[in-house]
Amino acid sequence: MRLLTTYWPARNLANSDFFSDMERVFDGLAQAQPTQNTAAIFRPSYDSQESEDHYLLTVDLPGVKKEDLKIELNAKILTVSGERKGPRNTGTFSRSFTLPETVNADKIEAQHENGVLNLYLPKTVLAKPRTIEIQSQKGGFFEKLLNTKADKEESTTSSH
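Because the structure is predicted, anything quoted here is derived from the model rather than measured.

(A) Broad picture of the side chain of T79. Within the secondary structure layout, T79 lies in strand β4 (residues 77-84). Within the structure, T79 has its side chain in polar contact with the side chain of S96 (distance 3.0 Å). Here T79 is in contact with K70, I71, E72, S94, R95 and S96, once residues within four sequence places are set aside.

Now the structure itself:
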């Protein structure tokens, strides 16, 4: 049986708190009851940080080997899943994160070491704040726009 993860694809993520939304997603996960034929489900803890140019997601996965992990990105849903194998502490997990539009999906990096998975989620260049200079000299888009309008007005008045 698959676990369904609630997410809000229609929400305006640019104005939401990415990590609060992730916590709400995890709170809504359905918990499957272990049976004799299935492994127990465990919920690894995570931590997230945001800087000016990236997010850093750290997932604690004690006892989980790199080869037992799977990281998938489908649209803006990042899913980390895997299995912990051991004599007493076995189980599977799957956690999904709705990424904001500001994440550059092509540049996501993952590193796994000593039971900790680190995901580097860089922001797009457009997401980084920048200062826009107000131009006072002629040139640029606005002069072209004004000249185009003036040329059209001249052609309509000269054709009459």
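(B) Representation of a nonpolar patch on the surface in the model. Where nonpolar side chains cluster on the molecular surface, the patch consists of F141, F142 and L145 and spans about 350 Å² of accessible area. Along the chain, L145 falls in helix α2 (residues 140-158). The class of L145 is partly exposed, set by a relative accessible area of 34%.

(C) Examining the environment of L78 more closely. For L78, the position within the fold is in strand β4. For L78, a relative accessible area of 2% corresponds to the buried category. Residues L78 and F97, spaced 19 residues apart in sequence, show a C-alpha to C-alpha distance of 5.0 Å. Apart from residues no more than four positions distant in its own chain, L78 is found in contact with I71, E72, L73, R95, S96, F97, L99, L119 and L121.

(D) View of the sheet that holds strand β6 (residues 109-113). Taken in spatial order, the four strands of this open sheet run β1-β2-β7-β6, and their pairing is antiparallel. Every other strand in the sheet has two partners, leaving β1 (46-50) and β6 as the edge strands with one partner each. Strand after strand, the sheet turns through a mean of 15° between neighbouring axes, direction not considered. Both β1 and strand β2 (residues 54-60) contribute to a ladder of five bridges, which runs antiparallel. Of the residues in β2, the one forming a bridge with D47 is T58.

(E) A look at the sheet that holds β4. Read across the sheet, three strands follow the order β3-β4-β5 without closing on themselves; strand pairing throughout is antiparallel. The open sheet has two edge strands with one neighbour each: β3 (69-74) and β5 (91-98). Within the sheet, the average angular offset between the axes of one strand and its neighbour, ignoring direction, is 15°. Note: β3 against β4, six bridges, orientation antiparallel. Considered in β4, the bridge of E72 is made with T79.

Criteria and thresholds
Residues numbered from 1 in each chain as written. Predicted model: local features only at pLDDT ≥ 70, side-chain atom pairs only at ≥ 80, totals over all residues. Heavy atoms only, no water. Helix = DSSP H or I, 4+ residues; strand = E, 2+ residues; numbered from the N terminus. Polar contact = N/O pair within 3.5 Å; in protein donor to acceptor, adjacent residues only side chain to side chain. Contact = heavy atoms within 4.5 Å. Patch = residues over 30% accessible without salt bridge, like charges linked within 9 Å, V, L, I, M, F, W, Y side chains within 5 Å. Areas by Shrake-Rupley, 256 points an atom, 1.4 Å probe, with all protein chains shown as cover. Salt bridge = Lys/Arg side-chain N within 4 Å of Asp/Glu carboxyl O. Buried < 20%, exposed > 50% of the residue type's maximum accessible area, 1.4 Å probe, protein only. Pairing = 2+ DSSP bridges. Axes fitted to C-alpha atoms, helices over the stretch in contact; angles between N-to-C directions.

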